Amino acid sequence: MSDKNLPVLEVENLSIGFESDNQLVSVVEDISFTLNSGETLALVGESGCGKSLTALAMLQLLPAFGKILSGSIKLHGKELVGMSDRSMQAIRGNNISMIFQEPMSALNPVFTIGQQVAEPLILHKNMSKAAAFKRAIEMLEAVGIPDPISRANNYPHQLSGGMRQRVMIAIALACEPDILIADEPTTALDVTIQAQILDLMHDLQEKFGTSILFISHDFGVVSRMADEIAVMYAGRVIEEGSAQDILVEPQHPYTTALLNTTPRIDVSVDRLPAIPGRVPTPAERPEGCFFAPRCKLASSLCSTEQPLPTKLSRSHSAACHEVGNG
Ligand SMILES: Nc1ncnc2c1ncn2[C@@H]1O[C@H](COP(=O)(O)OP(=O)(O)OP(=O)(O)O)[C@@H](O)[C@H]1O
Ligand SMILES: [Mg+2]
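Since the structure is predicted, the reported quantities are computational estimates derived from the model, not experimental observations. (Residues numbered from 1 in each chain as written. Chains lettered and ligands numbered in written order. Predicted model: local features only at pLDDT ≥ 70, side-chain atom pairs only at ≥ 80, totals over all residues.)

### So, the overall build of the protein chain
Helix and strand counts for the protein chain come out as 11 helices and 12 strands. For the protein chain, whose C-alpha radius of gyration is 20 Å, the value lies close to the compact-globule estimate of 20 Å for 326 residues. Once the C-alpha set of the protein chain is aligned to its principal axes, its extents read approximately 65 × 50 × 40 Å. When each of the 326 residues of the protein chain is scored for burial, the buried share is 39%. Pairs at least 24 apart in sequence give 63% of the contacts found in the protein chain among residues at least 6 apart. (Helix = DSSP H or I, 4+ residues; strand = E, 2+ residues; numbered from the N terminus. Rg over C-alpha atoms; globule rule 2.2 N^0.38 Å. Buried ≥ 20, exposed ≤ 12 C-beta atoms within 10 Å, placed from the backbone. Contact = placed C-beta atoms within 7 Å.)

What follows is the structure, given as structure tokens:
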């Protein structure tokens, strides 16, 4: 449907920070990535590394006191940073949609699910109530809600967690957006349902040609979904490449360590190795490489100088003093 490999979303040198007591603390620093048409780009990293803030920045929905400090976010070449609220409202739910970990908090308890799937169609596509409700039932069917005509009259609390996440996907895809941002969409679900939702997202991506920005801390889930992967650590992208580059030939010691903590079906081990230590908070970030205090390979250079991303191949880059040295 859409031209594959054309950039849909281009993020360049984006930094995000918070203002408190007249001080600006930068949380996400200088990240760049490109999401291509019809592809899935995964942002992966441990808790607190800035994945959700990055996602929210795409929609200009940062929490209070949070702001974009510098950088650029382009949708089909059009700059979103600095765009008016009114123009952003026309983009949210229409060109870019988002689904979250906990659908119950995103769904409105006082409206039926049919009404909630119909709403963006009335708002963005100028549909009549009747036409939007008819389309909503088709969308509920497309996301695998059984008996969608009667289910459309249910309220969110009458559905299971997995069904609610399907409804969220129906709402998000109702206007056939260019981009779906999925922030840990299956973390709250048990593994069987998780696999069903991931398969569903994959099928709908094929059907609608949607590009997906997929956020997760779990390489197991990411390996099922991603074409491209950007690994984040303490607010920075430390390695980026095709899924093959990252999953088969990871170069950054953090990526390798994170992959080693991921259970694999083909290897049975008693205990998975954990990465010692934890992600530093923005205030605790050391000079030099942020990962150095936890890194087995760290040299004295690593604790004084921030490594810059280095190209390893056309698709693959990593920010590590030890990579490419030999
Ligand atoms: N409202 C806020 N005010 C101040 N700092 C914040 C706020 N929200 C997030 N931060 C800071 O930004 C960091 C990154 O947060 P973010 O929610 O993007 O992490 P994440 O990678 O999505 O983590 P998780 O996997 O736990 O969802 C946090 O660790 C915190 O230091
Ligand atoms: Mg998050």
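### Describing the site of ligand 1
Taken together, 15 residues lie around ligand 1, and Ser47, Gly48, Lys51, Ser52 and Leu53 are the ones closest in. Ranked by residues supplied to the shell around ligand 1, first place goes to helix 1 (residues 51–58) with three residues. Across the shell around ligand 1, the residue classes break down as six nonpolar, eight polar and one charged. (Near = placed C-beta within 6 Å. Nonpolar A, V, L, I, M, F, W, Y, C, P; charged D, E, K, R; others polar.)

### Side note on the sheet that holds strand 4 (residues 66–75)
Sheets are built from strands that pair by backbone hydrogen bonding, the pairs being arranged parallel or antiparallel. Pairing is antiparallel in the open sheet, where four strands are placed in the order 2-1-4-5. Each edge of the sheet is formed by a strand with only one pairing partner; in this case those strands are strand 2 (23–36) and strand 5 (78–79). Note that strand 1 (residues 7–20) and strand 2 share 10 bridges and pair antiparallel. Paired with Gly17 across the bridge in strand 2 is Ser26. (Pairing = 2+ DSSP bridges.)

### Section: the sheet that holds strand 8 (residues 211–216)
Judged by pairing direction, the sheet is mixed, and its eight strands sit side by side in the order 6-7-8-3-9-10-12-11 without closing on themselves. Edge positions in the open sheet fall to strand 6 (96–99) and strand 11 (310–311), since each of these has one partner strand only. Against the sheet, helix 7 (residues 161–173) engages strand 6 and strand 7 (179–183), with an angle of about 170° to strand 6. (Axes fitted to C-alpha atoms, helices over the stretch in contact; angles between N-to-C directions.)

### Quick word on the domain arrangement of the protein chain
Domain annotation for the protein chain reports domain 1 (7–95 + 177–318) and domain 2 (104–176). Relative placement of domain 1 and domain 2: their C-alpha centres are 29 Å apart. Between domain 1 and domain 2, the contact holds 15 residues from the first and 14 residues from the second. The greatest single-element share of the side of domain 1 that touches domain 2, amounting to seven residues, is contributed by helix 8 (residues 191–208). (Domains from an automatic or database assignment.)

### Quick notes on the nonpolar core
With 82 residues, the main nonpolar core has Val117, Ala170, Leu213, Phe214 and Val231 as its most contacted residues. The element that contributes the greatest number of residues to this core is helix 7, accounting for eight residues. Looking at which domains feed residues into this core, each of domain 1 (7–95 + 177–318) and domain 2 (104–176) gives three or more. Once residues lying within four places of it in the same chain are set aside, the contact partners of Ala170 are Val117, Met139, Leu140 and Val143. (Core = buried A, V, L, I, M, F, W, Y, C linked by C-beta atoms within 7 Å.)

### A closer look at the pairing of strand 6
As a general feature of sheets, a regular strand has side chains that alternate between the two faces. Judged by which residues are buried, strand 6 turns out to be covered on both faces: Ile96 and Met98 on one side and Ser97 and Ile99 on the other are all buried. Where strand 6 and strand 7 come together, four bridges link them in parallel fashion. Looking at strand 7, one finds that Met98 is bridged to Ile181.

### A word on unusual backbone geometry
Phi is positive for Asn13, close to 45°, though the residue is something other than glycine. Take Asn13: it is sitting in strand 1.

### A closer look at the packing of helix 7 against helix 8
Closest axis-to-axis distance for the helix 7/helix 8 pair is 10 Å, and the angle between their directions is 15°. Taken together, the axes of helix 7 and helix 8 are roughly parallel relative to one another. Crossing handedness for the pair helix 7 and helix 8: right-handed. Seen from helix 7, the contacting residues are Gly162, Gln165, Arg166, Ile169 and Leu173; seen from helix 8, they are Ile193, Gln196, Ile197, Leu200, Met201, Leu204 and Phe208. Grouping the amino acids of the contact of helix 7 with helix 8 by side-chain chemistry returns eight nonpolar, three polar and one charged. (Parallel < 35°, antiparallel > 145°, perpendicular 65-115°, else oblique. Left-handed = near helix turned anticlockwise from the far one by under 90°.)

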